[in-house]
Every structure is written in C-alpha cells, then in structure tokens.
Amino acid sequence: MSNSFNSHGTLEVGGRTYRIARLRALESHGMPVARLPFALRILLENLLRREDGKVVRRSDIEALATWQPQATPVKEIAFMPGRVLLQDFTGVPAVVDLAAMRDAMRAMGGDPKKINPLQPVELVIDHSVQVDEYGTSAAFLINSEREFERNRERYAFLRWGQTAFDNFKVVPPDTGIVHQVNLEYLARVVMVGAEKGTSHEMQWAYPDTLVGTDSHTTMINGLGVLGWGVGGIEAEAAMLGESVTMLIPQVVGFRMSGRLPEGTTATDLVLRVTEMLRTKGVVGKFVEFFGPGLANLPLADRATIANMAPEYGATCGIFPVDQIAVDYLRFSGRKAEQVELVEAYMKEQGLFHTADTPEAEYSDTLELDLSTVESSLAGPRRPQDRIRLSEVKASFARDLPGLLGGSGPRPVATTIGRFESEGGGVATAEPEPEVEHGIETMIDGVACRIRHGSVVIAAITSCTNTSNPSVMLAAGLVAQKAVARGLQVKPWVKTSLAPGSKVVTDYLNAAGVTPALEALKFHLVGYGCTTCIGNSGPLPEAVSQAIEQGGLVAAAVLSGNRNFEGRINSDVRANYLASPPLVVAYALAGRIDIDLVTEPIGNGSDGQPVYLRDIWPSQQEIASTVARAVRAEMFEKQYADVFNGDAQWNGLPVPEGETYAWEPDSTYVRQPPYFDNMPQEPAPVTDLRGARVLAFYGDSITTDHISPAGAIKPISPAGKYLVEHGVPPKEFNSYGARRGNHEVMMRGTFANTRLRNKLTPGIEGGVTAHLPSGETLSIYDAAMRYEAEGVPTVILAGKEYGTGSSRDWAAKGPRLQGVRAVIAESFERIHRSNLIGMGIVPLEFPAGETAESLGLTGHETLAIAGIAAGLVDDFAGGKSISVSATSDAGVRREFKAKVRLDTPQEMAYYRHGGILQYVLRKLLKD
C-alpha cells in the first residue's frame, strides 16, 4: 500500500489500538479538509486508506481534498464500500448470478471459490410477504404461512448461499424491513477490519459505508453512514471486490432551522423536503443536511428524510454524526465498546458535528425553517407532488380527468401473443367525470357505494415511516381517540399494519394502543415491505368488481415512499403518500375527496360530528408516549438472535456443494444465460445497423414501468409460460418472487398496464407495433420476433428514463429481449449504470431536443455509428456520435447523441458486454 501523505497512524480506544487513515494529515500539505462537506470527508478517508498507486492514486486524493464546490464533476474516483446490503427481491437474482458465475468459472478452467464475497454482505428477506389476509388477529400468521408456501424454493436457495459463500448472512423472513434492520442493528457507523494487502496484526478502524440493492439504502444516511442504492449488477461487482467508480460529486447543502409546529409530523417534513429538492434538481448530487434545526430532529426523523433521497433525486441525503446519533446507538442496544469507538473515532477524524462546528462549503444551498412545514399528502402519482391537507379535496377533483385517462377513451390492454384486451373488453375514460358517480355493492353484509375517490387501501407500511416511533405512536393515539368517539373504518377500506421491525410491535403494545388499532382493523399483517412495493394483495372481490364495473378511480393512502402508476394495486389509480396518523384518518373517512381541516371525519356514537382536530394528539402527548413506551431492552431482545429464524426457516432443506444443483423444472430459480459460450476475451464492439424501435415512450418512465412487478396475469406472456410449465394461476406468486427465473422476468419486462407506447397510440399496457408489419404484439413477442429476424432493437424515451427503485431487471429484461441501446432525453443515475452493466449503451438526445423535435416517429430504421471508435478515443469527456433514422419511405434524418459512458470503468464494462462478464474475466486471470 502507498501512504503519500503520511496519514496512516493509530488510535487507542478502550485499551485497544487501531490503525486509521488520519484526515488531518492533509492539512500539513496545504489541503484544508475541514471545509469539505462531511460526506466528502468520508470518501476522502476511503481513498487515503486504500491508496495503492493503481486503483487509488495520489492524484485522486489530491483532487478530492482540493474539491471545488461549483466545478462540473469530471474526476473519477474508485470508492470501495465497507459492506453490501441486499433485500430478497434483488438479492435472490444477485445470488443466482454468483452461482452462475461459479459454474462459468469452473467451465473456463478456473476455481469456482474465487466467486465469493470479499466483504460483509447481509441480506434481509423483507419483500416477499403479501397482504392476503387483513383485519383479523390471524392475519400475520396466515400471511406468513402463505409467504413460505409461495417462496419455499427461493428461501432454500438463499440458505444454500448462506452455507456456500463466505461473508454472507441472511436475516430470515418475518423479522423486519431491510432499512430498519440496518438502522437498528446492522449499521456499525465505524467498522473494524483488515485492509486488503495489510498485516492482520492491527486492524483498521474506518467509517461504515455501504451500497445496497434497494434505492432506499440511503435511510442509513440519517445515522451518518454514507451509502446509497445501486443496481443488483453493480452490487454483485462490489461483493466481488470491484470498486464503485464514480465522479467526485457536487454536494448541495440543506440548512434547517427552527422546529416543527404543532400538528405536523416527520412525514410532512420529508414531503416538503422532497418537493423542494426535486424542484431544485439534485439528480447525481449528494445532499447534506446542516444547521441549528438538526438539534430538534430525533434520529428517527433524520432517517425518514434520508430514506426518501431517491424521491428527491439525490444519490444520498446525509446527516453528520453527532451526540444524537451516538445516543441512538446506545439506546438501540449497540455494545458499549462499539459506541465508545464511534464517538472517539469520529471526533479524532473531524467527523463529529457539534453546535460549534463551522459550516462546510457546498455547491449550492437551500434553507427550510421547520416551523413553516404544513400537514400534507403527496400524489396521486409522484412522491414530489405535495398537496396541503386542506387542498387534497380540490386537488383530486382537478386530477380526476387525467386519472381517467384524459379527455378521450383509452383502451387498457394486457397481451398474449396477439393483442387482446384485458378481461375481454376495454375500459374507457369518462370525458366529464363526476365524483358522485358510483356503484352499489354489498361488503360483509353491509350496503356500500364505491365511487370516484373512495379510499380502498389504507396502509401503514414501508421503511419510510415505520422506523419512526413518533408517527407510529401518533397513529395509535389517533386510533385510540377515534375508537373512544365511536368512529369506525369504512367497510370498503383494506387496512394493514406492516411494521419495519418487531420493536415497533413491542412499543405499540407498551403504549396500550394496539387494541384501538385492531378495533379499526389495523392488525399486524407482516414485518416487511408490503403495499409500498405492490404487495398490497387483492382487493375484496366486491370492491374490485365495483371499480371495474364503474370504471372508477379509487384511491390508496399509504405511509410509504412510492406511489407511481400501477405500483400499489392494479385496481387503484390514485395513490397518496401520508403520515401513519393520516392513513388512519382517511380509513375512517373512506374517501380522498374530503377536506379534513374543515369537514367532519364522521359522526361519533353520540351522533355528533367528529373532526380530525378532535382526535389528533398534541406533540407533547406523542413525545410523552414515546418516552414511556420505547425502551432500550426492546432492541436488545428482538435482535439477540436476528439471524436464527423460526421453525419454518430452519426446517427448509439446504442443498450442498460449492456450485448449485440447478433444478431443470424449477419455475423460481433458473441458471441465467449471461455467461453461455462466453469467450475468455471479449469480442470487438460493433456499431448498430438496421435497428428497430421496440418501444417509444415519453417522460418519467420509471423502473416500475419497465421491470416486472406485482401480480402475474394468466393472459400475459409470463402467465402463459407458467401455465405451460404446470403452475396454476393461484400459485403464480408475484414477479418479485420469481426474479430468480429469467424466463418469467423477460416475459414481464415492459408489461406494466399503465405504459403508453407512442407506437400504439390509444392503448395502455405492454404492447407495441412490430415493424415493418405494423402488427400489434406484446413487447415480449415483438422482441422475440425481432431476435428471430436478426434485428437489434432500441428504446426511445423522454426525460428521467429509469427513475424509481434500483431494479436490476429493468436492465436485465431489456437486454434479454435484445435491446442494444436506449436513446432518451435524460436518465436516472442508478438505471443508467444498470444499463451499462448489462451491455446496453445509454444515449442522450442533444440538449433541448426530443425525439419529436427531431422528427422521429419510431417507425424508422436506425443506425448508430461511432461506438467502436469512441471506446478507443474515450467517451468520458461527454462525446457525441451520429445516429441516422431512415423511414420506410426512404427519408433519412441524422442527429448527434451523447454517449453516457461517463468513466473509463464504465467503458470497460460495456466493452466486455457487461459488468459481470468483466469481473469474471478479471478473476479468471488473477
């Protein structure tokens, strides 16, 4: 190892001596580190500790230490996270890929054991529970049993991975949400370990850093831990010792002052922060929070804000370590010696924030006085679209025509082979919607009327809020007061309570609010990410039929972080993010088109109107309940045996062997084709000729639109595949649960029922026009026909292509369908990296231009020239290449497109056909 700045030294804490890379050593070289944002200081330590003259050079350290806040990012550095965090939806395909790499390594004459995590990897199974049963005391048990029935094969595969791979641990199902488990237990804040190539006699102490396969990995930023979401492909490379290459980012400072006013919650604060930062534009940037207001934000509130960094578009949203963070570590049951190390290390390194800490320099700043925050929701389609509580009713009326599909009819289609409309017909929009339009139905023996705006899902769900005792106990207190006044949840509302950890159940019980929540049918449904990722389960049949019969725009209110189209439930078009207590309130009201500020929420048992203000607890009441009910021993008890699992988990059969014994008939876990017939040296990159447009999309196409998600419909290509393989529809499970089977996933790619493809105007769903025939087919069937014809395909899109969760299948699926390039106006950070990781080149239209302004219809034949030459000349400077589009009539248009291979490392990945192929070849030679 190199030590150009003599920064390597020692630190003694609690009678033990550690090696450290001392940041202040740079001061003597004329580099004032104290002016840097805290996040960049953590990156700087990473480089100092790992300097080797090859991957990390002296010039890299100098570039980061002399960072210019306003400079355009151009300098690439190699960041090595201290650990990798997975959840099961993204974790299963990651382990599948590692298993396939072991097979490929053996086939190419190498040692399969070289394919092994080189640093701690932890996987939390939290995405597989679905809300099938609700509103009963048996809901948790029934949902847990169904989860194991559906996922037994996946879970057995993960148990094999636990034994076959070193440094790999699994937190079993029914334990908690990955981010909350990370916050409450897994996070070290300061890690201890041996650095590669150094003596093991004295271990290094260094900041805890990580990448995770869930975009909301950023939640841990609230504890001062630097980490962010990456695609599963990039995470696999990090697991195998490959650095995360990145440009030194700009850092936006977000100054907070004051304190939250009476009647508001941390959820209201994060919705305001999200709105402000999305408006500012922070994609690809770090956000760092500072200012006197931090002293008034509990750790849980900080974690709530950090969690939603993907929603406001930042790479991360970090808070510095301070006394509040240290106290949280102690309170949440961390060992005394670990807490002592964190405090001593952070103070020694200038990474500990106090009221006297000078403000850092930032690329730009925003400021928010917390006292101006108002009670709010966000929706009906995007988390940044904040609505004041008093304006929700008017907002819904204004948005209703668009939620119905605009001013004209819009068929809805799910296809198999040839075009077929879902359910045998088409749903058409009402040109002049009336909110009072409704359908009469019977639910549990009660006559009900479902109409536009009926709240049919009220879910206290997701990592965003269930980590926060103040909002969870506020929900319990609202429920308690509502029950006391005789209010009831409306019969058509599907309610659920999915805490992020078992600690939440303990403190709800200790506070005495569980009986009231259950009286309102907010029973425990599971410990996991449910409604927020589309695991809301089916609506009651009567409700679903009423919505379909009336073409109704029903609503969901959830305490989550995502409300994109088609995500929550296929029957629900309007989805609103809200705090847990507001979720309870809307369940009581039963409709979204109500002004909860001025209108009564309902009538009490005495016949008198009850307003939201009548059942809303004061901040003092919430604070005293938190102080009384949340205790340190709850964390210690629940995390004492977190990796052990229950009888169901421990009763699973565990396959043996260093390579996995693939089951040829499996419909859950199949050997992927990425390494089939892979040569030891990559083939030369070629330009694209004769390409066709597979699909032509507009702005804000999310990874939810692209990646298979939610329920698998029997008439879809994936459903047809499963039926052909002997799986009855009742056992289909979800796309997420079948991410280990590429055959299912490639058939479900671009199959979202809300997708609007400009090649098939007037139709919603996963269909396209095959060209030049013009025949309407499912995306999958069209892709397979193009592949049989030897025709490469591209995707055309607008702004923010790939926004949303870090879904690796949003890149894997298109690659398996034959997509070679995506040409868009702009890309979301993680998805652009994932495309490159799968060998798909991301191209951007010239600034200010769109596909339409360039005269493209999507019916052209495309040629993309200059890719091969550019890989030699270096695209990292942002170079453009030529794209020509020739219509069937022979009219030719040519334009420039910017190649978004931003770093030499990204070019190397693309040259090899993808990141996994690059790593495999590298390990084969080592």
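Now for a description of the structure that goes with this document. The structure presented is a predicted model; accordingly, all values stated were derived computationally and were not measured. Every chain begins its residue count from 1, and numbering advances along the sequence as written. Note on the predicted model: pLDDT of at least 70 is required for a residue's local features to be given, and 80 or more for side-chain atom pairs to be given and counted; whole-chain, interface and lining totals, by contrast, use all residues. Excluded from the side-chain calculations are hydrogens and water; all other atoms, namely the structure's heavy atoms, are used.

**What to know about the overall build of the protein chain**
Regarding its fold elements, the protein chain presents 31 helices and 34 strands. Rg of the C-alpha trace for the protein chain: 27 Å, near the compact-globule value of 29 Å for 926 residues, within the 12% margin. In terms of its C-alpha atoms, the protein chain occupies a principal-axis envelope of roughly 80 × 75 × 55 Å. Looking at the 926 residues of the protein chain, the share that counts as buried comes to 63%. The contact criterion used throughout is that any non-hydrogen atoms of two residues lie within 4.5 Å. Residue pairs in contact within the protein chain that sit at least 24 positions apart in sequence constitute 76% of those at least 6 positions apart. If you sum the accessible surface of the protein chain, you get close to 31,200 Å²; carbon and sulfur atoms cover 49% of it. A distance of 2 Å separates the average location of the 90 positive side-chain charges in the protein chain from that of its 108 negative side-chain charges. Numbering of helices and strands runs from the N terminus; a helix is a DSSP stretch of H or I covering at least four residues, while a strand is a stretch of E covering at least two. All radius of gyration figures rest on C-alpha atoms, and the globule criterion is 2.2 Å times the number of residues raised to 0.38. The cut-offs for exposure are 20% and 50% of the maximum accessible area for each residue type, with area from a 1.4 Å probe on protein chains only; residues under the lower value are buried, those over the upper are exposed, and the others partly exposed. Surface accessibility in these figures is a Shrake-Rupley result with a 1.4 Å probe; residues are shielded only by whichever protein chains are displayed. The convention is simple: Lys and Arg are positive, Asp and Glu are negative, and His and the chain ends are not counted. Where a charge sits is defined by one atom per residue type, namely NZ (Lys), CZ (Arg), CG (Asp) or CD (Glu).

**Considerations on unusual backbone geometry**
Of note, the bond from Gly379 into Pro380 is cis; its omega dihedral lies within 30 degrees of zero at 5 degrees. Topologically, Pro380 is positioned in the loop between β16 (376–378) and β17 (386–388). Of the consecutive residues Leu771 and Pro772, the connecting peptide bond is found in the cis state with omega at 10 degrees. For Pro772, the location among the structural elements is in the loop between β27 (767–770) and β28 (775–778).

**Section: the environment of Phe254**
Following the sequence through the fold, Phe254 ends up in strand β12 (residues 251–257). Sequence separation of Phe254 and Gly291 is 37 residues, and the distance between their C-alpha atoms is 8.0 Å. In contact with Phe254, not counting residues within four places along its chain, are Val273, Met276, Leu277, Val287, Glu288, Phe289, Phe290, Leu366 and Leu368.

**A look at the sheet that holds β12**
By this definition, two strands are paired if DSSP reports at least two bridges between them. One open sheet holds the 4 strands; their spatial order is β14-β13-β12-β15, and the pairing between them is parallel. Strand pairing shows two members of the sheet lacking a second neighbour, β14 (316–318) and β15 (364–369), which therefore form its edges. Averaged over all pairs of adjacent strands, the angle between their axes in this sheet comes to 20 degrees, without regard to strand direction. Bridge count between β12 and β15: 6 bridges; the pairing is parallel. By the bridge assignment, Ser257 is partnered in β15 with Asp369. Only the stretch in contact is used when fitting a helix axis, every axis being a line fitted to C-alpha atoms; angles between N-to-C directions are given from 0 to 180 degrees.

**Considerations on empty space enclosed by the protein**
Only protein atoms enter the 1 Å grid used here. Points where a 1.4 Å probe fits but cannot escape make up a cavity, open sets with protein on both sides within 12 Å along at least five of seven lines make up a pocket, and a residue lines them when an atom lies within 4 Å of a point. Grid points are joined across faces, edges and corners, and a volume is the space filled by probe spheres set on the points. Under the definition given, this model contains 11 cavities of 30 Å³ or more. Volume-wise, the second largest cavity comes out at about 110 Å³. Residue lining of the second largest cavity: 14 residues in total, with Pro310, Ala314, Glu828, Arg829 and Ile830 positioned closest to the centre.

**Thoughts on the sheet that holds strand β5 (residues 121–124)**
Read from one edge to the other, the open sheet built from 5 strands follows the order β6-β5-β4-β9-β10, with strand pairing classed as parallel. The sheet terminates laterally at β6 (168–171) and β10 (226–229), the two strands that pair on one side only. Taking the axes of each pair of neighbouring strands and ignoring which way they run, one obtains an average angle of 20 degrees across the sheet. Of the pairings in the sheet, the one linking strand β4 (residues 83–87) to β5 comprises 4 bridges and is parallel in character. Its bridge partner being in β5, Leu85 is matched across the sheet by Glu122.

**Remarks on the packing of helix α14 (residues 469–484) against helix α18 (residues 580–589)**
Angle between the axes and distance between the axes: these two values describe a pair of packed helices. The interhelical angle for the contact between α14 and α18, taken along N-to-C directions, is 30 degrees, at an axis separation of 7 Å. In terms of orientation, α14 and α18 fall into the roughly parallel class. Mapping the contact onto sequence places Val471, Met472, Ala474, Ala475, Val478, Ala479 and Ala482 in α14 and Pro580, Pro581, Val584 and Leu588 in α18. When residue character is reported, Ala, Val, Leu, Ile, Met, Phe, Trp, Tyr, Cys and Pro are called nonpolar, Asp, Glu, Lys and Arg charged, and the others, Gly included, polar. By residue class, the composition of the contact of α14 with α18 is 11 nonpolar, no polar and no charged. Oblique is the label for every angle not falling under 35 degrees (roughly parallel), over 145 degrees (roughly antiparallel), or within 65 to 115 degrees (roughly perpendicular).

**Re the pattern of salt bridges**
Here a salt bridge means any side-chain nitrogen of Lys or Arg lying within 4 Å of a carboxyl oxygen belonging to Asp or Glu. Counted under the stated rule, the structure contains 53 salt bridges. Glu62 is the salt-bridge partner of Arg58, the closest N and O atoms lying 2.9 Å from each other. Remark: Glu62 and Arg58 occur in helix α2 (residues 58–65); sequence separation between them is 4 residues, near one turn of the helix. Here Lys812 and Asp97 are joined by a salt bridge, their closest N and O atoms 2.7 Å apart. Linking Lys812 in helix α27 (residues 809–816) with Asp97 in helix α3 (residues 88–107), this pair joins segments that are 715 residues apart in sequence. In terms of burial, Lys812 and Asp97 fall into one category: buried.

**Regarding the environment of Val56**
Mapped onto the secondary structure, Val56 falls in the loop between α1 (38–50) and α2. Overall, Val56 belongs to the buried group, its relative accessible area being 0%. Remark: the alpha-carbon pair of Val56 and Phe79, spanning 23 residues in sequence, is separated by 8.8 Å. Discounting chain neighbours no more than four positions away, the residues touching Val56 are Leu47, Arg50, Glu51, Ile61 and Ala78.

**Observations concerning the packing of aromatic side chains**
Each aromatic ring pair is described using two quantities: the centre-to-centre distance and the angle formed by the ring planes. Each Phe, Tyr or Trp ring (for Trp, its six-membered ring) is paired with any other whose centre lies within 6.5 Å, and the angle between the two planes then decides the class: stacked below 30 degrees, edge-to-face above 60, tilted in between. Summed over the entire model, instances satisfying the criterion amount to 22 aromatic pairs. Aromatic side chains Phe331 and Phe635 sit 5.8 Å apart centroid to centroid with 70 degrees between the ring planes, which places their arrangement in the edge-to-face category. With Phe331 in helix α10 (residues 323–331) and Phe635 in helix α21 (residues 632–638), this residue pair connects regions lying 304 residues apart in the sequence. Since its relative accessible area comes to 33%, Phe331 is described here as partly exposed. Of the residues examined, Phe635 reaches a relative accessible area of 5% and is grouped as buried. Lysine and arginine charges are scored as sitting over a ring when NZ or CZ, respectively, is within 6 Å of the ring centre and within 35 degrees of the ring normal. Residue placement shows Arg613 over the ring face of Tyr611; its charged tip is 4.3 Å from the ring centre. Against the face of Trp809 rests Lys812, its NZ or CZ located 5.5 Å from the ring centre.

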